[in-house]
Amino acid sequence: MAVYHEPVLLKESIDFLVTDVNGTYVDATFGGGGHTRELLSRLGRDGRAIGFDVDENSRGIAEDLSVSDKRFSFQNRNFSEISESLAGMKTGPVSGVLFDLGVSSFQIDHEEGFSYRRDEKLDMRLDKRLEMSAYEVVNSYKADQLADVFWKYGEESRSRALARAIVRERDRGRITTTLQLGEVIGTVCGNSPKVLSRIFQALRIEVNKELDALSAGLDAAIDSTGRGGRVAVISYHSLEDRIVKEKFRYEAATCVCPPRTIICTCGKIARLKQVTRKPIVPGQDETRLNSRARSAKLRVAEKIV
Ligand SMILES: C[S@@+](CC[C@H](N)C(=O)[O-])C[C@H]1O[C@@H](n2cnc3c(N)ncnc32)[C@H](O)[C@@H]1O
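Conventions we followed
Residues numbered from 1 in each chain as written. Predicted model: local features only at pLDDT ≥ 70, side-chain atom pairs only at ≥ 80, totals over all residues. Heavy atoms only, no water. 1 Å grid on protein atoms, 1.4 Å probe; cavity = no way out; pocket = protein on both sides within 12 Å on 5 of 7 lines; lining within 4 Å. Points joined across faces, edges and corners; volume = space filled by probe spheres on them. Helix = DSSP H or I, 4+ residues; strand = E, 2+ residues; numbered from the N terminus. Nonpolar A, V, L, I, M, F, W, Y, C, P; charged D, E, K, R; others polar. Domains from an automatic or database assignment. Pairing = 2+ DSSP bridges. Axes fitted to C-alpha atoms, helices over the stretch in contact; angles between N-to-C directions. Contact = heavy atoms within 4.5 Å. Salt bridge = Lys/Arg side-chain N within 4 Å of Asp/Glu carboxyl O. Polar contact = N/O pair within 3.5 Å; in protein donor to acceptor, adjacent residues only side chain to side chain. Phe/Tyr/Trp six-rings, centres within 6.5 Å; stacked < 30°, edge-to-face > 60°. Lys NZ or Arg CZ within 6 Å of the ring centre and 35° of its normal.

Some points on the layout of surface pockets
And then number 1: Of the volumes computed, that of the largest pocket is approximately 1100 Å³.
And then number 2: Together, 31 residues line the largest pocket, and I108, S197, Q201, R204 and R292 are the ones closest to its centre.
And then number 3: Sort the elements by how many residues they give to the lining of the largest pocket and helix 10 (residues 193-207) lands first, with seven residues.
And then number 4: A class-by-class count of the residues in the lining of the largest pocket yields eleven nonpolar, eleven polar and nine charged.
And then number 5: Split by domain, the lining of the largest pocket shows at least three residues from each of two domains, domain 1 (10-104 + 210-303) and domain 2 (131-207).
And then number 6: If you add up the space inside the second largest pocket, you get close to 560 Å³.
And then number 7: Counting residues per element, the ones that place at least two in the lining of the second largest pocket are helix 2 (34-42) and helix 11 (210-224).
And then number 8: If you tally residues by element for the lining of the second largest pocket, the top one is helix 11, at four residues.
And then number 9: Of the residues assigned to the lining of the second largest pocket, the class counts are 15 nonpolar, 13 polar and nine charged.

Here we look at the sheet that holds strand 4 (residues 94-100)
And then number 1: Taken in spatial order, the seven strands of this open sheet run 3-2-1-4-5-7-6, and their pairing is mixed. Strands with a single pairing partner mark the edges of an open sheet, and in this sheet they are strand 3 (72-75) and strand 6 (272-274). Recorded for the sheet is a direction-independent mean angle of 20° between the axes of neighbouring strands.
And then number 2: Bridging between strand 6 and strand 7 (residues 297-303) involves three bridges; their strand directions are antiparallel. Bridging across to strand 7, K273 finds its partner in E302.
And then number 3: Contacts from helix 1 (residues 10-17) reach strand 1 (24-27), strand 4, strand 5 (225-235) and strand 7 within the one sheet, and its direction differs from that of strand 4 by about 155°.

Structural notes on the domain arrangement of the chain
And then number 1: The domain architecture assigned to the chain consists of domain 1 (10-104 + 210-303) and domain 2 (131-207).
And then number 2: Taking only C-alpha atoms, the centre of domain 1 and the centre of domain 2 are 31 Å apart.
And then number 3: Taken together, the eight residues of domain 1 in the interface contact six residues of domain 2.
And then number 4: The interface formed by domain 1 and domain 2 contains one salt bridge.
And then number 5: Among the ionic pairs, E210 bridges to R204, the shortest N-O distance being 2.8 Å.
And then number 6: Where domain 1 packs against domain 2, one counts two residue pairs in polar contact (both at pLDDT 80 or more).
And then number 7: Broken down by secondary-structure element, the contributors of at least two residues to the side of domain 1 that touches domain 2 are helix 11 and helix 12 (238-252).
And then number 8: Counting residues per element, the side of domain 1 that touches domain 2 draws most heavily on helix 12, which supplies three residues.
And then number 9: Taken together, the residues of the side of domain 1 that touches domain 2 sort by class into three nonpolar, three polar and two charged.

Overview of the packing of aromatic side chains
And then number 1: Applying the stated criterion across every chain yields a total of five aromatic pairs.
And then number 2: Through pairs of rings, three or more aromatic residues link up here, namely F30, F72 and F74.
And then number 3: Above the face of the Y250 ring, K268 is positioned so that its terminal group lies 4.5 Å from the ring centre.
And then number 4: Sitting above the plane of the Y236 ring, R292 keeps its charged end 4.3 Å from the centroid.

Have a look at this one:
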């Protein structure tokens, strides 16, 4: 098999994550296990790594790794369920949680319906246990629901016209493939790779409820991490990065009273300290070798209570 996924900001993210070589760590987005392997290489005999991924394809890779390295175990679950999983495993507070968001190269290149470059059934589910795939979204959402998806998650200025064009096309018959969808997009927004990938990404975000999962996952990670432990997040687009930035900022604030309040009454307690003031981005060497790294941003925060 070709390389499953080239890990992004590998050294930087693990350098920031590991504060105790015998701690327990969570890789919330195991993928092909690149970050987990680097993490395990830094941990001592009593260190532990727990991988999460919703994708069935990650499970096989993770099972092999858990056989060869007993310090590792895997949960084929959504990272929004980290708290329940860790409670079930009785890990106690963990030393760090890493998120490397979005999709792996393997998913884009080999799993169904993620890429407009191949003609395939519209699917886009990272977790095949989900009931609603891109096919259902495209063929059953009302025009204004579709327009919202393209506007909110794709920042597409022609979102309403595109939604109407999809509904018109549906009247002639179901839209079943990526190529069919790409053609409809082309008639309204043009078919430049940039536009097509933005709209496909918007659909993917909707199908997998990626932003809701990210908010819930961050809360769970912060709750599950012990004092002095860290939460590190690599994001790939502005919607994700904004959620991470705002969550870290809120959790690091000591007061959230309205502006110009003279005496603080909110009682807010800061739970985090920001470790990276500005996001860490890959250097030129990395982006030259791995184009996917170009949009990556790493933010890290430390639990202080
Ligand atoms: C960019 S890849 C991670 C690559 C990994 N760091 C590596 O080195 O191979 C993102 C992975 O996160 C998984 N994923 C995305 N959203 C998830 C969620 N809410 N819960 C669990 N896994 C998720 C995807 O299935 C994908 O395998």
